[in-house]
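Structural features, examined
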Amino acid sequence: MSQQERTFPHIEGQRGLATVAQLLGAGWTTSSLRHARRTRFQEPMPRVVAPHRGRVDGATALVAAALWAGPRAVLTGGVALGRLGIEVSPQHVATFVIPETGRAREHDRARLIRSTRELEVVRRSGPLVVTGAARAIADAAVHESHRPEDLEHWSIAVLQRGLTTPEVLEQELWLRPRAKVEAVWRGLAGFVDGAWSRPEVALRREVDGDGGFPPLLTNCRLETLEGQLLGTPDGYLEEAGTAIQVHSRAHHQGFDDAGGDLWGRTVEKDSDLVAAGVRVVGVTPWTLYTKPQRFLNRLRQVVALGLESPRPAVRVVRRDAA
């Protein structure tokens, strides 16, 4: 077979890539492949070949990393969370788990870590195999460098979206060094306590940590005595008839499917609570993270007024009773 007659094989799911072994199996000789790699092909990863010299996009680069990692490798860590639909910051290095009998190695764009445990697989796309969310976030905490607040947020996100359960995540975390996964533990605790976002976790941490407030309910429903929904505040101090709303345009901007203004609807819901006699204290995530004492001082003043006044005529429906 002449060099001109040789064709680059199309292999399903590999985004136009092939390994050197696959090319040799398709009839390429060592010399012809060496010449093509030198003149018109490129290697986005060692011994993984693309039949052009153009740009390799991110999705193709990830497949190249999976081919380099080998057929027993399972994607984990932050990149795996991204594949599962969690919004993560761009990852420069993909982490793969391989069986204990494999060889741990590292490249500029991928690393292989060994494990004695059976590897859970939740998604397959060609050579790219993805592990479950609990394993992925634990590996991200232990083997990668991420900000603690990101790990906390991701742990809440995977639980909120049903990608794992609190029980499964807790079991995974018990297998890891506590100091490495402390941020994930915080996210898990926040979710179990009823906080469904990182700002709400910060809200509970600050209010409970202060020790000077009535019990805080998170994500409960407030209804009229006739059962009409008034709102679902981020926090509610029932004894003081005071609701806390964590307001961020990042999470309440834009429009719904019917063209309604999400930010306007958020403000209107606060007005519904006020009209029912509930005191509402708003706070931004920025204040919770950087100036929590300012928020606590303001909350303390409102709560003091609420404790001296009759409770609003509203019905509290806790999330576990809904």
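Described below are features of the structure shown in this document. What you see is a predicted model, and the numbers here were worked out from it, not measured in a lab.

What follows deals with the packing of aromatic side chains. Describing an aromatic ring pair means giving the distance of the ring centres and the angle of the ring planes. Summed over all chains, the structure comprises three aromatic pairs. Measuring from centroid to centroid gives 5.4 Å for Phe8 and Phe41, while their planes differ by 90°, and the two rings are edge-to-face. Linking Phe8 in the segment before strand E1 (18-19) with Phe41 in the loop between helix H2 (30-39) and strand E2 (42-45), this pair joins segments that are 33 residues apart in sequence. Of the two residues, Phe8 and Phe41, neither departs from the other in class, the shared state being buried. For the pair Trp174 and Trp185, a centre-to-centre distance of 5.2 Å together with 70° between the ring planes defines the contact as edge-to-face. Of this pair, Trp174 sits in helix H7 (residues 166-174) while Trp185 sits in helix H8 (residues 182-192), and the two are eleven residues apart along the sequence. For Trp185, a relative accessible area of 10% gives the class buried. Each member of the aromatic cluster is reached from another via a ring pair, and the members are Phe8, Trp28 and Phe41. Against the face of Trp68 rests Arg105, its NZ or CZ located 4.3 Å from the ring centre.

One broad rule of soluble globular proteins: the nonpolar side chains tend to lie buried together. Of all hydrophobic cores here, the largest spans 47 residues; its most connected members are Leu75, Phe96, Leu169 and Leu173. If sequence neighbours within four positions are ignored, Phe96 has contacts with Ala65, Ala66, Ala69, Ala73, Val74, Leu75, Thr76, Ala110, Arg111, Leu112, Ile113 and Leu128. Counting residues in each nonpolar core, the second largest holds 17 residues, with Leu237, Leu288, Phe295 and Val303 among its members.

A few words on the pattern of salt bridges. One pass over the full model with this rule turns up 18 salt bridges. Overlapping salt bridges bring together Arg117, Arg135, Asp139, Glu172 and Arg176 as one network.

Turning to the sheet that holds strand E11 (residues 235-237), a few remarks are in order. The strand order across the open sheet formed by three strands is E11-E12-E13, and the pairing between neighbours is mixed. The open sheet is flanked by E11 and strand E13 (279-283), the only strands paired with a single partner. Strand after strand, the sheet turns through a mean of 20° between neighbouring axes, direction not considered. Pairing of strand E12 (residues 242-246) with E13, which is carried by five bridges, proceeds in the parallel orientation. The residue bridging Ile244 from the neighbouring strand is Val281, located in E13. Lying over the sheet, helix H13 (residues 292-307) contacts E11, E12 and E13, oriented at roughly 175° with respect to E13.

Conventions adopted
Residues numbered from 1 in each chain as written. Predicted model: local features only at pLDDT ≥ 70, side-chain atom pairs only at ≥ 80, totals over all residues. Heavy atoms only, no water. Phe/Tyr/Trp six-rings, centres within 6.5 Å; stacked < 30°, edge-to-face > 60°. Helix = DSSP H or I, 4+ residues; strand = E, 2+ residues; numbered from the N terminus. Buried < 20%, exposed > 50% of the residue type's maximum accessible area, 1.4 Å probe, protein only. Lys NZ or Arg CZ within 6 Å of the ring centre and 35° of its normal. Core = buried A, V, L, I, M, F, W, Y, C linked by side-chain atoms within 4.5 Å. Contact = heavy atoms within 4.5 Å. Salt bridge = Lys/Arg side-chain N within 4 Å of Asp/Glu carboxyl O. Pairing = 2+ DSSP bridges. Axes fitted to C-alpha atoms, helices over the stretch in contact; angles between N-to-C directions.

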